[in-house]
Amino acid sequence: MAYAAFRSIGAYAPADILTNEDLSKMVDTTDEWITKRTGIKERRIAAKGQTTSDMGVEAASLAIERSGIAKEDIDMVICATISPDYFCMPSTATIISNKLGLNNVTAFDISAACTGFVYILSIAKAFIESGMKKNVLIIGAEKLSAITDYSDRGTCILFGDGAGAAIISATDDKSEAIIDIHTAADGTYADLLMTPNGGSGSIHDSLDQEANSCFMQMKGNETFKVAVRTLTKDVIDILEQNKIQSQDITHFVPHQANYRIIKAVGDALKLKDEQVVMTVEKYGNTSGASIPMAINDIYEQGKLKSGDLMLLDAFGGGLTWGSALVPFSPIK
Ligand code: ACO
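The rules behind each value
- Residues numbered from 1 in each chain as written.
- Predicted model: local features only at pLDDT ≥ 70, side-chain atom pairs only at ≥ 80, totals over all residues.
- Heavy atoms only, no water.
- Helix = DSSP H or I, 4+ residues; strand = E, 2+ residues; numbered from the N terminus.
- Rg over C-alpha atoms; globule rule 2.2 N^0.38 Å.
- Contact = heavy atoms within 4.5 Å.
- Areas by Shrake-Rupley, 256 points an atom, 1.4 Å probe, with all protein chains shown as cover.
- Phe/Tyr/Trp six-rings, centres within 6.5 Å; stacked < 30°, edge-to-face > 60°.
- Buried < 20%, exposed > 50% of the residue type's maximum accessible area, 1.4 Å probe, protein only.
- Salt bridge = Lys/Arg side-chain N within 4 Å of Asp/Glu carboxyl O.

A.B. asks: An account of the overall build of the chain is requested, with residue identities and associated values reported.
C.D. replies: On a plain count of helices and strands, the chain comes out with 10 helices and 13 strands. What you see for the chain is a C-alpha radius of gyration of 19 Å, in line with the 20 Å of a compact globule of 332 residues. Expressed along its principal axes, the backbone C-alpha trace of the chain runs to roughly 55 × 45 × 35 Å. Contacts spanning at least 24 positions in sequence make up 78% of the contacts within the chain whose residues lie at least 6 apart. When the accessible surface of the chain is split by element, carbon and sulfur atoms take 51% of a total near 14400 Å².

A.B. asks: I'd love a proper account of the packing of aromatic side chains, names of residues and values included.
C.D. replies: In the structure shown here, the tally under the stated rule is 2 aromatic pairs. Centre to centre, the rings of Tyr299 and Phe328 are 6.0 Å apart; their planes meet at 75°, and the pair counts as edge-to-face. Of this pair, Tyr299 sits in helix α10 (residues 290–300) while Phe328 sits in the segment after β13 (320–327), and the two are 29 residues apart along the sequence. For Tyr299, a relative accessible area of 30% corresponds to the partly exposed category.

A.B. asks: Residue-level account of the pattern of salt bridges, with values.
C.D. replies: In this structure the tally under the stated criterion is 11 salt bridges. Where Arg153 meets Asp28, a salt bridge forms, and the shortest distance between an N and an O atom there is 3.7 Å. With Arg153 in helix α6 (residues 153–156) and Asp28 in the loop between α1 (20–24) and α2 (31–38), the pair connects residues that are 125 residues apart, well separated along the chain. We classify Arg153 as partly exposed; its relative accessible area is 48%. Take Asp28: its relative accessible area is 63%, and that puts it in the exposed class. For Glu129, the salt bridge identified is with Lys125, shortest N-O distance 3.1 Å. On the criterion of helical spacing, the pair formed by Glu129 and Lys125 is a turn pair, its members being 4 residues apart in helix α5 (residues 116–129). Here the residues in one salt-bridge network are Arg7, Glu176 and Lys332, joined through shared partners.

Here's what the structure looks like:
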């Protein structure tokens with residue numbers, strides 16, 4: 001049987017920085033409020049004309065280079081995004097594939113909001129374990145500034161732009177393999193976090209361009225409570241089911257939405273601060289890109305070593321959530 005190994009990581013953050021100070025000149029908010037409630041100090045914003053796929057290509061190129069796998073051997077490309085280059089088609093994955101010169105691969109996007117990276121990791125794992133694919137490029141890429149309402153202080157303080165990517169490859173060495181992945185969704189909570197306009201469910205006339213702008217809306221406080229409850233249960237379950245103790249986790253890499261959510265889940269697992277990866281202060285919430293951007297951060301700081309065990313967890317619109325137990329397994 002083939003197993004799936006997490007071979008490499010890459011990420012890209014645009015140069016432009018939007019600080020809490022900057023936001024306090026745009027909406028009724030303060031650096032103190034944002035820092036205290038979210039832990040975010042600044043976020044990155046894509047340049048004018050820079051697309052989600054442009055950022056995805058930067059991250060993917062690094063992941064490919066670091067994997068030691070020839071570009072031509074990649075047979076599938078999956079992109080997790082809620083801010084695609086084009087709504088509906090073509091998929092951002094096909095655009096990224098084309099920009100990378102990969103024009104004979106299976107390529108598609110998935111929409112699972114902030115849980116997107118855990119979802120595409122599970123899809124890559126399943127395709128590899130079934131023997132259908134050998135080297136899968138997965139990308140979480142977001143230009144959330146394109147779907148953020150900068151007059152809504154409840155959401156605009158949270159989101160930023162960026163991309164992260166990884167190469168997942170077949171191996172017959174079980175010690176290198178991704179151990180387990182949980183993915184889940186509960187549409188009962190669909191209205192907590194949505195882009196209500198622009199789709200076939202929009203209450204507006206389809207020709208009313210203005211009313212159909214795809215801005216995100218969120219009931220933040222309710223989302224927060226479901227996130228803490230669901231994530232805490234999910235990470236405890238995945239550890240118990242795989243008979244792994246929380247002290248055996250080298251890096252807990254949660255979705256970077258709010259340091260209070262991260263802290264609540266980390267405390268429930270009795271994790272030490274040095275086990276918890278936190279990038280929310282500098283990138284904010286980059287949805288599907290946030291986990292691979294955080295993994296890339298520890299990789300570039302020299303903290304992520306071959307054989308380290310990562311616990312990933314994520315939560316987002318849908319509502320969706322998931323967790324994964326992933327050893328870092330670069331080719332030796
Ligand atoms: N500045 C100042 N005051 C604000 C701001 C702001 N930016 N935003 C809201 N407030 C006010 C509210 O109006 C409210 O005022 P009131 O008490 O007079 O009514 C007060 O602050 C408290 O508001 P809450 O919404 O209860 O604040 P909360 O502590 O819940 O923090 C936050 C809000 C940061 C959004 C938090 O709820 C959160 O992080 N939620 C989870 C987000 C998340 O994880 N989303 C899922 C992933 S995102 C995705 O999938 C794309």
